[in-house]
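What follows is the residue order along each chain.
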Amino acid sequence: MDNIAGTKSSLTWAVHISVAALVLLWIFPTLGLLVSSFRTTDQIRTSGWWAAMFPAVQNETLRTADPDDFRVDLGDGRFMVEGNLYVVDGQVDSVEDVPAVISVWGTSSREIDAYVPGDVADLGDGETFTVAENGDYRWEGNDDQLSGRGQRAFVTAESPPEFTLSNYRGVLFDPGNREGMAKGVLQHADGDDPGHDHPDPDRGLRGLCAGVDGISGPCAAGGGCCRATGGAAATGADPAIVAAQRGGDWKGLSGVWLAHTGFGLPLAIYLLRNYMVGLPREVIENARVDGATEFQIFTKIILPLSFPALASFAIFQFLWTWNDLLVAMVFLIDANG
Amino acid sequence: VAFDRAGRGDGVRPLAAQLTDRISWGNIAKSLIFMPMAISFVGAAVIFKLIYDARPEDPAQIGVMNAVYLQLGGDSPITWLTVPFWNNLFLMVVLIWIQTGFAMVILSAAIRGIPEETVEAAIVDGANPFQIFFKIKIPQIAGTIVVVWTTITIVVLKVFDIVFAMTNGQWETQVLANYMYDKLFRANDWGVGSASAMIIMLMVTPILVWNVYNARKEMR
């Protein structure tokens, strides 16, 4: 309608601005997730994701090594402990890895900015403590002072923006991660599923149908049964699930597959039937005149013509299954926990 | 409680559809707004938990809400999800965020289908853009709006994942589906669990029937 005189109103800029605002508002949450996925737990805990692009200023309380084990005798009753605060703390493995540059430090929580790196703090009675920019420290004192627990240091450090792929590695490839995709997906694909026993699907179907209809025994018209199940399911209540769950011993992936099939069928039938009813009758009649069997009409004419409807339904079905939690929770987790 | 999640934000959806149809980068904008549809409800819950996150007073806030709130002069960070009544709204935001794309795509298709003559006639008669939108376009897509509304209301009545992942029904945010799950698997109370499942079904059925009825009317 852009070519009609008068539609190009002075509001065009307002449209652009409001759309831009909407789009920004809508992608903002996802952006947070994206940025967070490249950060370490420590980074996520200490600063907002929007600060990830800038160097992070971090206050930390670190402790020197235990003087009883690590002190070095300097003679004259003097002792010394030397090392790197970050290494002792276990944050990094070696001095080269220290990510941060200490800007100020202190020895009491009230004055965390008392000293700059390289300063020597006098702790009284000849006890001295000094911290360098990269966290290297030197702590000197007499026998009494260098005992018990390590000296605390309150450091304020600036670490450059840092991104990591370790989260993705952990989720996708780490074989040690029991809940990672490496284990979950590959194992199920192999059919090696130690957690759940795979039930006989036919029995499962019977159980499902029995749960709905109150009929026990084999269900002759399996499709009909599942339509009934799905009919109930699509309305959102899950009496079928409740009943099936009570039925007992078929759980695991097959249960989820069956439930999702049941949930999807009624809508699939409804949508596809409506679409197929609208197909031109002449084509079908022509095919019949040309001697096609009903099955040939279905596979060679109806199905190809219904491709748009099939495709859009496939997309929707995928989305629903992908987004579903309740069915998986009910069928993959035992009632006993 | 389930009912008050229905229908919020419906006003913004036709607007989003209307707006994105009129600009050159509308399709890009549309796919960006549609993107949350591809994120599972649980994923969205995680995303919004990050947004609503509250830290103790001293360290930097990592949740956007609290960071903004403190910037604007709030005294102390608030754990948003534990404030009754308002936490319901915060949970609704998650569903609106997900479902807007769906509503927008369908509604924008409907708006495109409006016969141009009606709009042209209105312009000739001197209608301003707002009048064209509210008096000419909206009435013509009313059927589609109803279909979208009923579809989303059904989703809302069945909502489980968001509540389960974000508050688990605490702080007065319980919904029926989560209640059912709670009774079935935590309390092992099959009777109440089944009853709540039935109630969800009974509540959804009339809307579903209406939805199907309207969808059929649309198709004709």
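Caption draft 1: Layout of the overall build of chain A. What chain A contains, in helices and strands, is 14 helices and 8 strands. When burial is assessed residue by residue, chain A has 35% of its 337 residues classed as buried. If you sum the accessible surface of chain A, you get close to 19,200 Å²; carbon and sulfur atoms cover 59% of it.

Caption draft 2: View of the packing of aromatic side chains. Summed over the entire model, instances satisfying the criterion amount to 18 aromatic pairs over all chains. Summarising the aromatic geometry, the rings of Trp105 of chain A and Phe129 of chain A are spaced 5.7 Å apart at their centres and angled 85 degrees between planes, so their arrangement reads as edge-to-face. With Trp105 of chain A in strand β4 (residues 101-106) and Phe129 of chain A in strand β6 (residues 128-131), the pair connects residues that are 24 residues apart, well separated along the chain. By relative accessible area, Trp105 of chain A is classed as buried at 0%. Measuring from ring centre to ring centre gives 5.5 Å for Phe160 of chain B and Tyr181 of chain B, while their planes differ by 55 degrees; the resulting arrangement is tilted. Residue Phe160 of chain B is found in the loop between α8 (142-157) and α9 (161-166), and its partner Tyr181 of chain B is found in helix α10 (residues 176-186); the two are separated by 21 residues along the sequence. Here the two residues Phe160 of chain B and Tyr181 of chain B agree in accessibility, since each one is buried. Taken together, the aromatic side chains of Phe48, Tyr52, Tyr69, Trp80, Phe90 and Trp97 of chain B make up a single cluster linked through ring pairs.

Caption draft 3: The arrangement of helix α1 (residues 12-37) of chain A in detail. Residue and element names in this part refer to chain A. Taking 1.5 Å per residue, 26 residues should reach 38 Å; α1 reaches 37 Å between its end C-alpha atoms and fits that length. The sharpest bend along α1 comes to roughly 35 degrees, located at Phe28, with the proline Pro29 sitting one to four residues further on. Those residues of α1 that sit buried are Val15, Val19, Leu22, Val23, Trp26, Pro29, Thr30, Gly32, Val35, Ser36 and Ser37.

Caption draft 4: Expanded view of the packing of α1 of chain A against helix α5 (residues 86-112) of chain B. At a minimum axis separation of 11 Å, α1 of chain A and α5 of chain B run at an interaxial angle of 120 degrees. Considering the angle they form, α1 of chain A stands oblique to α5 of chain B. Taken as a pair, α1 of chain A and α5 of chain B cross one another with a handedness that is left-handed. Here Leu25, Trp26, Pro29 and Thr30 of chain A of α1 of chain A come into contact with α5 of chain B, specifically with Ile96, Trp97 and Thr100 of chain B. Residues belonging to the contact of α1 of chain A with α5 of chain B are distributed by class as follows: 5 nonpolar, 2 polar and no charged.

The rules behind these values
Every chain's residues receive numbers from 1 upward, in the order its sequence appears when written. The lettering of chains begins at A and the numbering of ligands begins at 1, in the order of writing. Side-chain atom pairs in this predicted model are given and counted only at pLDDT of 80 or more, local residue features only at pLDDT of at least 70, and totals for whole chains, interfaces and linings cover all residues. To get the side-chain values, all heavy atoms of the structure are used, and hydrogens and water are removed first. Put simply, DSSP H or I for four residues or longer makes a helix, DSSP E for two residues or longer makes a strand, and each gets a number counted from the N terminus. Throughout this description, buried means an accessible area under 20% of the type-specific maximum (1.4 Å probe, protein chains only), exposed means over 50%, and partly exposed covers the range between. We get accessible surface area from the Shrake-Rupley algorithm with a probe of 1.4 Å; when it comes to residues, only the shown protein chains can shield them. Ring pairs are drawn from Phe, Tyr and Trp, using the six-membered ring of Trp, whenever the two centres fall within 6.5 Å, and their geometry is named by plane angle: stacked under 30 degrees, edge-to-face over 60, tilted for the rest. By this rule, a helix spans an expected 1.5 Å times one less than how many residues it contains. The bend at a residue is defined as the angle formed between two axes, one fitted to the seven residues ending at that residue and one fitted to the seven starting there. Fitted lines through C-alpha atoms give the axes, limited to the stretch in contact for helices. The angle between two N-to-C directions lies from 0 to 180 degrees. Small angles under 35 degrees read as roughly parallel and large ones over 145 as roughly antiparallel, with 65 to 115 read as roughly perpendicular and the rest as oblique. For any pair of crossing helices, the crossing counts as left-handed if the nearer helix is rotated counterclockwise from the farther one by less than a right angle, and right-handed if it is rotated clockwise. Two residues form a contact once any of their heavy atoms are found within 4.5 Å. All residues other than Ala, Val, Leu, Ile, Met, Phe, Trp, Tyr, Cys, Pro, Asp, Glu, Lys and Arg, Gly among them, are scored as polar; the first ten of these are nonpolar and the last four charged.

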